[in-house]
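The chain contents come next:
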Amino acid sequence: MKRFFIIPAILCIVLAGCATLDKLTEAGTGIAAATGVITTDEAKSINRSVSAVGKVFESITPEQEYYIGRTVAATILSRNKPFDNRAMTTYLNTVGQYLSLYSDRPETFGGYHFLIMDSDDINAFAAPGGFIMVSRGMLKCCKSEEALAGVLAHEIGHVELNHGLQAIDKSRLTAAATILGTEAAKNLGGKDLADLTKAFENSISDITATVMNSGYARKFEFQADKAAVIILNRAGYNPNGLVSMLKQMERNLKPGGLDFAKTHPAPQDRIAELTKLIGSAPSAAPERQERFTDSMKGL
Amino acid sequence: MFTKKLACIIGGLGLAATVTLAASTSIMSIQVRKAEIRETPSYLGKIVTTMAYGDKVTVQSGNGAWMQVLSAGQSGWVHSSALTKKNIVMKSGAGAQTTASSGEMALAGKGFNSDVEAQFKNNHKDVDFSWVDKMEKIKIPISDIREFAKDGKLAAGGGVK
């Protein structure tokens, strides 16, 4: 009888979201086993299942996030041809990597990198770990460096807040944890590697389907805008650059399009939320306009 | 009797949490491929040394997002996002691999890794990684970023809180 109380009690404590989930569970089950409330085997079993439940996206190390991000980016870039313009790409990376230093997460496993996609659609994608891709159509919504910084800071916000990783269905990671749990002591091979690859493939599909087709939940988009405002302020850019970009986007978006028209909240909704945060002020910065215009030649 | 045991477990959990936190604050591991340790808590600071994934540092103090760390007799500052309390164990020795499932330990290269990526590539010949490889090589030197910030009358330093 007692064990029916103890087991849920441990699970409840652990599922409450503590940072030291595994350690606490092991301690709790250890004590319960030592006092004879549950058997050692039951304690081990609870540890295994809690570990699988607790270690959802938080259990993904930056190294694993990097491999997920690479494959998500490769998938996106296989469907969206890159725009091969060295000067523009260097400028984009200078602005983007500068901004990343002001995020709450300037260090990712492999760093932040930016690329242009050769499409008139209005799109921008942030793959986990810091692989950020922006379309020519999106860049055409930017009439100043502030506006461009707004777009890039928003995408950095998605990376910082792990929005991509949160799109992964928890069952994929539970499956991966199970394989790794049983095979921790030896190198994976054959079926285990195939099963782990399946969990990986499913994780990639979850992320690409979200960012390319359905879009994130509205609250994630507003969170990324909020993170962008913080980054822009710290970096010395007027965050109203993001508002000016959204106003231009509103003019450029084609109703019924499969790009931002489909995957993001309407620009006016984002502007309304942003205005609550930052008020409205002109974002012109003449000292940066020349280099912006020069770099964007050939767009 | 039951209440006593439950109290014992909850008390034990609290104690375990305290002990875990106290024991894990001083030594941390680098959780990114490469981390630069700087003279001052800023990306403008001169680089004292560069550390690799899995390297250990002793934390001396924290200043918001920046941590002052000591490694191999050298002291400097690193952004906290490059650090983890987990003991990152590089892939060597069966013993390390056996114990690496503990929450306080992470085995480098475990899980989604280059082997899984290779398998994925094998299964998905239509997915082209060449542009991601190119993209990853784009790294603007910090000196250029400083110059860019100065020319554009922007802030400089980064990693502020």
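Anything mentioned here points back to the structure above.
Residues numbered from 1 in each chain as written. Chains lettered and ligands numbered in written order. Predicted model: local features only at pLDDT ≥ 70, side-chain atom pairs only at ≥ 80, totals over all residues. Heavy atoms only, no water.

(A) Spotlight on the overall build of chain A. Within chain A one finds 15 helices and three strands. Taken across its 299 residues, chain A has 58% of its residues classed as buried. Pairs at least 24 apart in sequence give 71% of the contacts found in chain A among residues at least 6 apart. Total accessible area computed for chain A in this model is approximately 11,800 Å², and 54% of it derives from carbon and sulfur atoms. (Helix = DSSP H or I, 4+ residues; strand = E, 2+ residues; numbered from the N terminus. Buried < 20%, exposed > 50% of the residue type's maximum accessible area, 1.4 Å probe, protein only. Contact = heavy atoms within 4.5 Å. Areas by Shrake-Rupley, 256 points an atom, 1.4 Å probe, with all protein chains shown as cover.)

(B) Region of the structure containing the pairing of strand E2 (residues 124-127) of chain A. Burial along E2 of chain A is two-sided: Ala124 and Ala126 of chain A and Phe125 and Ala127 of chain A, pointing in opposite directions, are all buried. Hairpin connection between E2 of chain A and strand E3 (residues 131-135) of chain A: a loop of three residues separates the two successive antiparallel strands, and glycine 129 of chain A in this loop has a positive phi of roughly 90 degrees. (Pairing = 2+ DSSP bridges.)

(C) Expanded view of the side chain of glutamate 107 of chain A. Relative to the assigned elements, glutamate 107 of chain A resides in the loop between helix H5 (86-100) and strand E1 (113-117). The buried charged residue glutamate 107 of chain A lacks any salt bridge, with arginine 38 of chain B as its nearest oppositely charged partner at 6.3 Å. Filtering out sequence-adjacent residues up to four positions away, glutamate 107 of chain A remains in contact with Val32, Lys34, Tyr43, His79, Ser81 and Ala82 of chain B. (Lys, Arg positive; Asp, Glu negative; His and termini not counted. Salt bridge = Lys/Arg side-chain N within 4 Å of Asp/Glu carboxyl O.)

(D) Molecular detail of the nonpolar core. Counting 100 residues, the largest nonpolar core has Ile68, Leu99, Met133, Leu148, Tyr237 and Met245 of chain A as its most contacted members. Setting aside residues no more than four positions away along its own chain, methionine 245 of chain A makes contact with Met138, Cys141, Cys142, Ala147 and Val151 of chain A. In this structure, Ala35, Met51, Val57 and Ala82 of chain B belong to the second largest nonpolar core, which totals 13 residues. (Core = buried A, V, L, I, M, F, W, Y, C linked by side-chain atoms within 4.5 Å.)

(E) Representation of the sheet that holds E3 of chain A within the structure. All names here are of chain A. Read across the open sheet, the three strands follow the order E1-E3-E2; overall the sheet is mixed. In the strand order of this sheet, the two ends are held by E1 and E2, each with one partner. Strand after strand, the sheet turns through a mean of 15 degrees between neighbouring axes, direction not considered. Across five bridges, the pairing between E1 and E3 is parallel. Within E3, the position partnered with leucine 115 by the bridge is methionine 133. (Axes fitted to C-alpha atoms, helices over the stretch in contact; angles between N-to-C directions.)

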